[in-house]
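Examining the three-dimensional arrangement
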Amino acid sequence: MALVRGGAALIYRGDYRNARQLLAAMGRRLAGRADRLGGTRSLRDLFLEERRKHRLEHETLSRLAVLIEAGPSGPRVALAKAPEVAEALTEALGTNFQLPGALPLRDLLGMVGAHEWRSKGVEVLPLGAHLRTRWGVFAPVRGEHVELVAEAVKRWPVAGKRALDVGTGTGVLGLLLARAGALVTATDISPDAVACARENAQRLAVADRMEVVEADLFGEGRFELVVCNPPWLPHEAVTALDRAVYDPGGRFLARFLDGLAAHLAPGGEGWLILSDLAERLGLRGEDELERQLEAAGLTVAGGIEAAPRHPRSRDAADPLHEARSKEVTALRRLVVRSR
Ligand SMILES: C[S@@+](CC[C@H](N)C(=O)[O-])C[C@H]1O[C@@H](n2cnc3c(N)ncnc32)[C@H](O)[C@@H]1O
């Protein structure tokens, strides 16, 4: 453990079960150590401490690696009693992964878990369907934002509109819009998310009404409706999946707001789905969003809100419980301010 904490990487060569046990034991040691770093009280400090722990855990545990070699049916783990991982690895890494190679055991376990989860899919009630997910793609397991968009398409019909879903992930919001009759373009910067959203559009038989493109934010064109559920916490991202939740320097949100008007067709509107957790944790100033909207020439033309229902919001042992239990997620209808 001291070696790993000092920055050395270890290639484990025993059997698979022991490798997993070692990783779990290292995790427990780190958790105990990191807990002793505590002592500060503001919600912001507690959040920053949680993120420091997360980074330390990610960096340290990622140094325990296993060898991956070519097997008769694809890549396999070079450890005794290892399970079949060829499909999970090919799904997560594509076929360009160099063999033999090394992978952090933690990532390998994540890929195997994602593969199992992927075969079942994530149930999305407002869609009445299970969506496929992939390793590193944000899965809509928290339902508030999906329910807000499902409610919005009932209140403000989208049939026949040209709509853009910025940062589509599994494609969930674009799929809701396409099902409600919109002609959708969906973007994501992550190639895995793009592949995942395309697959879901095909499985839900709306691929003729939903095009998915790899792009930074808006891509090309103007739309009557632009929908976005951005990463909602302005803070550094540590892992690939973190990039769906954390928005370093608040740049995604700032760029989205600054660029929205230029991507709206005349009379068009944006639906921004954003929780107020950042304000509650002191990561974004109380009136900062308002100022950004003003500076971007946008105004709020109404919207709807949802209280938190996800399990973490009910976990009284969570150090951030006070903020998470009161978090409000809002869908704001943004329009260009008339001069
Ligand atoms: C909070 S997730 C939302 C995913 C999905 N729309 C949903 O509601 O479940 C944010 C998404 O934005 C994507 N993203 C991050 N930066 C991006 C960028 N610069 N351009 C396009 N998409 C981006 C992430 O890959 C992620 O899929």
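What counts and what doesn't
- Residues numbered from 1 in each chain as written.
- Predicted model: local features only at pLDDT ≥ 70, side-chain atom pairs only at ≥ 80, totals over all residues.
- Heavy atoms only, no water.
- Phe/Tyr/Trp six-rings, centres within 6.5 Å; stacked < 30°, edge-to-face > 60°.
- Helix = DSSP H or I, 4+ residues; strand = E, 2+ residues; numbered from the N terminus.
- Lys NZ or Arg CZ within 6 Å of the ring centre and 35° of its normal.
- 1 Å grid on protein atoms, 1.4 Å probe; cavity = no way out; pocket = protein on both sides within 12 Å on 5 of 7 lines; lining within 4 Å.
- Points joined across faces, edges and corners; volume = space filled by probe spheres on them.
- Nonpolar A, V, L, I, M, F, W, Y, C, P; charged D, E, K, R; others polar.
- Domains from an automatic or database assignment.
- Contact = heavy atoms within 4.5 Å.
- Buried area = accessible area lost by both parts, 1.4 Å probe.
- Salt bridge = Lys/Arg side-chain N within 4 Å of Asp/Glu carboxyl O.
- Polar contact = N/O pair within 3.5 Å; in protein donor to acceptor, adjacent residues only side chain to side chain.
- Core = buried A, V, L, I, M, F, W, Y, C linked by side-chain atoms within 4.5 Å.
- Buried < 20%, exposed > 50% of the residue type's maximum accessible area, 1.4 Å probe, protein only.

The full count for this structure, using the stated rule, is 4 aromatic pairs. Between the aromatic rings of phenylalanine 138 and tryptophan 232, the centroid separation amounts to 5.8 Å while the plane-to-plane angle is 75 degrees, which identifies the pairing as edge-to-face. Note that phenylalanine 138 is positioned in the loop between strand E6 (129-131) and helix H6 (144-155) and tryptophan 232 in the loop between strand E10 (223-228) and helix H9 (251-260), a separation of 94 residues in sequence. Above the plane of the ring of tyrosine 246 lies arginine 51, whose end atom (NZ or CZ) is 3.7 Å from the centre.

Right, let's get into empty space enclosed by the protein. Applying the stated criterion across every chain, the model contains 3 cavities of 30 Å³ or more. By volume, the largest cavity is sized at about 100 Å³. Lining the largest cavity, in full, are Phe138, Arg142, Glu144, His145, Asn229, Trp232, Ile273, Leu274, Ser275, Glu327 and Thr329. Of all the elements in the fold, those that place two or more residues in the lining of the largest cavity are H6 and strand E11 (264-275). Sorting elements by how many residues they give to the lining of the largest cavity places E11 first, with 3 residues. Class assignment of the residues belonging to the lining of the largest cavity gives a composition of 4 nonpolar, 4 polar and 3 charged. Lining the second largest cavity, in full, are Ala88, Glu91, Ala92, Met111, Ala114, His115, Arg118, Arg134, Trp135 and Asp192. The set of elements that each furnish at least two residues to the lining of the second largest cavity consists of helix H4 (86-93) and helix H5 (105-120). Ranked by residue count, the leading element in the lining of the second largest cavity is H5, at 4 residues. Looking at the lining of the second largest cavity residue by residue, the class counts come to 5 nonpolar, 1 polar and 4 charged. Residues from two domains meet in the lining of the second largest cavity; each of domain 1 (2-118) and domain 2 (122-336) gives at least three.

The next subject is the domain arrangement of the protein chain. Domain annotation of the protein chain identifies domain 1 (2-118) and domain 2 (122-336). Domain 1 and domain 2 are separated by 29 Å when their C-alpha centres are compared. Opposite the 18 residues of domain 1 that make contact, domain 2 presents 28 residues. For the domain 1 and domain 2 pair, buried surface summed over both sides reaches about 2100 Å², with 59% attributable to carbon and sulfur atoms. Three residues, Leu43, Phe47 and Arg118, lead the burial of domain 1 against domain 2; their summed loss comes to 34% of the area buried on that side. Applying the counting rule to domain 1 against domain 2 returns 3 salt bridges. At the junction of domain 1 and domain 2, the tally comes to 5 residue pairs in polar contact (both at pLDDT 80 or more). Those elements that provide at least two residues to the side of domain 1 that touches domain 2 are helix H3 (43-61), H4 and H5.

All right, on to the nonpolar core then. Counting residues in hydrophobic clusters, the biggest one holds 36 residues, and the most contacted among them are Leu127, Val149, Leu175, Leu177, Met210, Trp271 and Leu331. Apart from the residues lying within four places of it in its own chain, the contact partners of leucine 127 are Val172, Leu175, Leu176, Arg179 and Leu204. If you look at the next biggest cluster of nonpolar residues, it comprises 33 residues, including Val226, Leu274, Leu281 and Leu289.

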